[in-house]
Amino acid sequence: MTAAALMLLLAPVSGPATGQSAQQPTQSGAGAAQEQTIEVVPETEIDRQVRDIASGLRCPICQGQSLQDSPSELAQQMRDVIRSRLEEGQTPDQVRDYFMGSYGEWILMEPRAKGFNLTVYVLPVLAVIVGALGLMMAARRWLVGAGAPLAGPTNVDESDPDLAAWEDLVPR
Amino acid sequence: MIRITGITAVSIALLVAIWGVIAAVLAATRRMPRLAESARSAVFATFALMTIANLSMIYGLITHDFSIGYVAQVGSRSTPLLFTVISLWSALEGSILFWGWILSAYSAVAIWVHGRRLGSLGLYANAVLLGIGAFFYLLLIGPANPFGLVSPTPIDGPGPNPLLQNHYLMAVHPPLLYLGYVGMSVPFAFAMGALLSGRLDDTWLRVTRRWTMVSWVFLSMAIIAGMWWSYDVLGWGGYWAWDPVENASFMPWLTATAFLHSSMVQERRNMLRFWNQSLITATFLLTILGTFLTRSGVLSSVHAFTEGTIGLFFLGFIALVLVFSLVLLTGRSTDLRRAGSLDDPLSRETVFLGNNLLFTAFTFTVLLGTLFPLVAEALRGVKVSVGAPFFNRMTVPLCVSLLFLVGVGPALPWRGGHRDQLKRSIMPPLAALLLIVALCFVIRVPSGWAIAAFGFAGFATVTNLQEYSRGVLARRRAHGESLPQALYRLMMANNRRYGGYLAHLGAVMVAVGITASSTYRTERQVTLNQGQSVEVGGYRVRFDELTGVQESNRYVIGAHLTAFDGTRDLGQLDPRLNFYNGRSDPVTTPSVRSRPANDLYLNLLAYEQDGSSATVSVIVEPLVFWIWVGGLVVALGGVIAALPPRRRLAPRRSRQPAAVEA
Amino acid sequence: MNWRRSMIGLAIALPVIALLAFGLTRDPAQIPSPLPGRAAPAFELAYMDSAADSVSLADLRGKVVVLNFWASWCLQCRVEHQDLSAAGTLYGPQGVRFFGVLFKDEPENGRRWIRMMGGQSYPSLTDYRLRTAIDYGVYGAPETFIIDQSGTVVHKEIGPITFAKLREVIDPLLEREATQ
């Protein structure tokens, strides 16, 4: 591709349609006549919602990136869709439902906690609980026969008897 | 010529490996010393042959011999020399060739050091190593053949994947990863050797512990390098996306870390033998599974190079290894099991048990999440995605709990300690914990998990440093050494322990870096006209101009932006978009200003063709710098811990012969 | 060696192998679409060759519509070009409306590609802001949607479509129309 063609390729993308926060170009202080500083308006609720929803949706042409993280053109346009739908008054759930209607459940970055999908959320927790219980039972068995509290220095590394003797001197 | 050399070397390596397996097994079962020698020589021979094959390929890449299939696939006359050499591992066939080389090298070292002294255990290990090698050599003359003939010879090639040409870390990440990954084959081989030979005492453990440690160091460095590369190259300001191949490298690291701890319990108390065997087996299996997942096209991933029949080969190999090792493990379990005993619930042993529980649960969670799309499709017929939000949600509690243990472990002695001793030594760390938590509430840290993480990090730092200070003070009092001398001698005399504490400190740094950068990340995406600025996270960023440069293999659009801290000019940043021939989407090169306090991260998303405006994303993330520093500290700690024990001034009371490493 | 115990090991290994084997039979790039069986999303798109004119889905009610998302950078699109053009020539006169929709590409590139491929038997449309592609859940090229006379999506093809497939889907629709 020639450079010119490449530039043309990107031309429609660089329009104002790309996702961004509110821009109100203002003149900064009296001295800075050349520069215009954009005051970053504290993030609007819409901005926050767009970011929130975009983080939870998958960029369809990327490898596992969310819409928020992906720099690709499709992701930028999809963020625009999120924004315009929110501005029209749709709820975040409605926006997500729209994308699921086009792309299927796969577009969500994590599975909905419903039905069979619950297993992926529950099993790890179960694993920790079951493991902990098992360990406690085993530990109880192992502790039977634990002798009287130890006398003498502890925390001794057998390979360094020198150190053991001297460690004893140090108040713990 | 090169082609023939390479393919012949690999083919002979395959035959030699098969012969070596047979010889080793026969030698072990029938006690035939000459066959034993032959089996050992087979290992050295495969190393020599794989060296020839790899050097041939490197030569072919450098001389741009496009008659060789792999060179035609990834080579290009316009690629700079460094990237030409490292394109050895930039695509599937070359990376398998490289893997085979490292495997043969590790096998040669392992057999050279241990092959003769361990009798049938050593011979079975020999057989397992050659067997694994044989699989990879088979791949190389079969579905992953890099030495295929391309006729007519092309004049030039497409060059390696542009994502792999953008950064020097690509020279470092795959070799480190393979050194770590492949290294796990050795402990596995000796573990299998123990099960097969019936020599179930902890001979195999003593032999393999250092191997696992070394491989673990490489794997840790590889993971950090991968994160760093991801951060510097991919443009989204993150370093870990829970992509399947990231998970594939992480899971063996988790089980290996668990093993490094629980093996200490086995050494001291002769318990957990079955568990340790299982951990090492799991580590190896996870490395093969990881390779399968990313090479076979089962899951789509950033790293998925190609699909095809290679998946079937890997499946067959996994099936074989899985059945073989699991049957052997469970079959021998009754012989392995020994009654365990614990002296005190408040002891280091208990902490290590907790450590293993958490690491195992962690591995299980990551594995489940990675495979769940497959399971869901198999059982429900629907495709679902399991991405970063899931993994972050489920693993944060585990990570914070582990951070807690990092603090508690060093504070509790082996076999338990006097209660008053413990009470006294816990004071400073506890004070640090409370202080930090209070501070977090004052500055209103937004997340409970973050507060816990910071608190435990402080706690762990104090307990680990306390161990150092106690040891150093003792030495100074005893020997009158200067501070640096005492520190050095302390670490060298007990390198395993103090290397471990150092690694803990590194891990704490990484944890703090990750916690801070994710909790306090600020980002904006905005379109700026020339001369316009935007303020993000305390910085002001001004767009100055756009440039376009034609390079040998790509066209580069750069945006020049200046960063300000108040009125102080911080310099220019230039994020770029790289357009490679034949690819529809450009590759981003973000521009990062990295400082210990925070990183200012700029990525160019779009631009106006006349250069009048640019769309950039500006991200400010605190403490990312400490993730990389912490990673290096972890690696340093691991290296120190892996050092061979020095001959001590006093006679050692250890039970093993001096020649075998601890 | 306790062989009975070792069966436990086998019992653990086999389901894992089965799962991985199943995984090999699946293509991670094939995402099942929720669209087939539902009303096709409305669109109004300008023609690539004359931007002033446009066509909307509502205009096409009563006709079978084939929407093919393609791009000049898409290698697989070359594979299906011949089949699509042939189908366009055959079915066009029978009232089936074929449209190409440019996906993430420029009209200039598209026109050059068509010239290079020897022409196209049906018009192409532009979808500059990718709104239609997003509505249809497009995540790559080529993707082809076949919409029946009542505006319902009856088939989505991911990857290059063949003449045989087109015939398989379109013929029954035309027969239904004929018998009504």
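Residues numbered from 1 in each chain as written. Chains lettered and ligands numbered in written order. Predicted model: local features only at pLDDT ≥ 70, side-chain atom pairs only at ≥ 80, totals over all residues.

This part takes up the nonpolar core. All names here are of chain B. Ala24, Tyr124, Met192 and Leu403 are the most contacted members of the largest nonpolar core, which has 267 residues in total. Per-element tally for this core: the top contributor is helix 9 (residues 203-233), with 17 residues. With sequence-adjacent residues up to four places away left out, tyrosine 124 is seen in contact with Ala24, Ala28, Met192, Gly193, Leu196 and Ser197. With 29 residues, the next largest nonpolar core counts Val536, Val541, Ile557 and Leu561 among its residues. (Core = buried A, V, L, I, M, F, W, Y, C linked by C-beta atoms within 7 Å. Buried ≥ 20, exposed ≤ 12 C-beta atoms within 10 Å, placed from the backbone. Helix = DSSP H or I, 4+ residues; strand = E, 2+ residues; numbered from the N terminus. Contact = placed C-beta atoms within 7 Å.)

Glancing now at the domain arrangement of chain B. Residue and element names in this part refer to chain B. Domain annotation of chain B identifies domain 1 (1-157), domain 2 (167-336), domain 3 (342-493) and domain 4 (522-625). When each unit is reduced to the centre of its C-alpha atoms, the spacing between domain 1 and domain 2 is 20 Å. Facing the 28 residues of domain 1 at the interface are 28 residues of domain 2. Mapped by element, the contributors of at least two residues to the side of domain 1 that touches domain 2 are helix 4 (81-86), helix 5 (92-114) and helix 6 (119-141). If one sorts the elements of the side of domain 1 that touches domain 2 by residue count, helix 6 sits on top with 10 residues. (Domains from an automatic or database assignment.)

Next up on the list: the interface of chain A and chain C. Counting residues at the interface gives 17 residues for chain A, matched by 17 residues for chain C. If you list the elements that add at least two residues to the side of chain A that touches chain C, you get helix 1 (3-10), helix 3 (73-88) and helix 4 (92-103) of chain A. Examining the composition of the side of chain A that touches chain C, we find that five residues originate from one element, helix 3 of chain A, more than from any other. Across the side of chain A that touches chain C, the residue classes tally to 12 nonpolar, four polar and one charged. (Nonpolar A, V, L, I, M, F, W, Y, C, P; charged D, E, K, R; others polar.)

Another aspect to go through is unusual backbone geometry. Put simply, Ser151(B) and Pro152(B) share a cis peptide bond, and its omega is 0 degrees. In this fold, Pro152(B) is placed in the loop between helix 6 and helix 7 (173-183). Look at the link from Ala141(C) to Pro142(C): it is a cis peptide, with omega at -5 degrees. Its place among the elements puts Pro142(C) in the loop between helix 4 (131-135) and strand 6 (143-147). We note that Asn270(B) has phi near 55 degrees; this positive angle belongs to a residue other than glycine. Here Asn270(B) lies in the loop between helix 10 (244-269) and helix 11 (273-295). Judged by local crowding, Asn270(B) falls into the partly exposed class, with 14 C-beta atoms found within 10 Å. Although it is not a glycine, Leu130(C) sits at a positive phi angle of roughly 60 degrees. Here Leu130(C) lies in the loop between strand 5 (124-126) and helix 4. A count of 21 C-beta atoms within 10 Å places Leu130(C) in the buried class.

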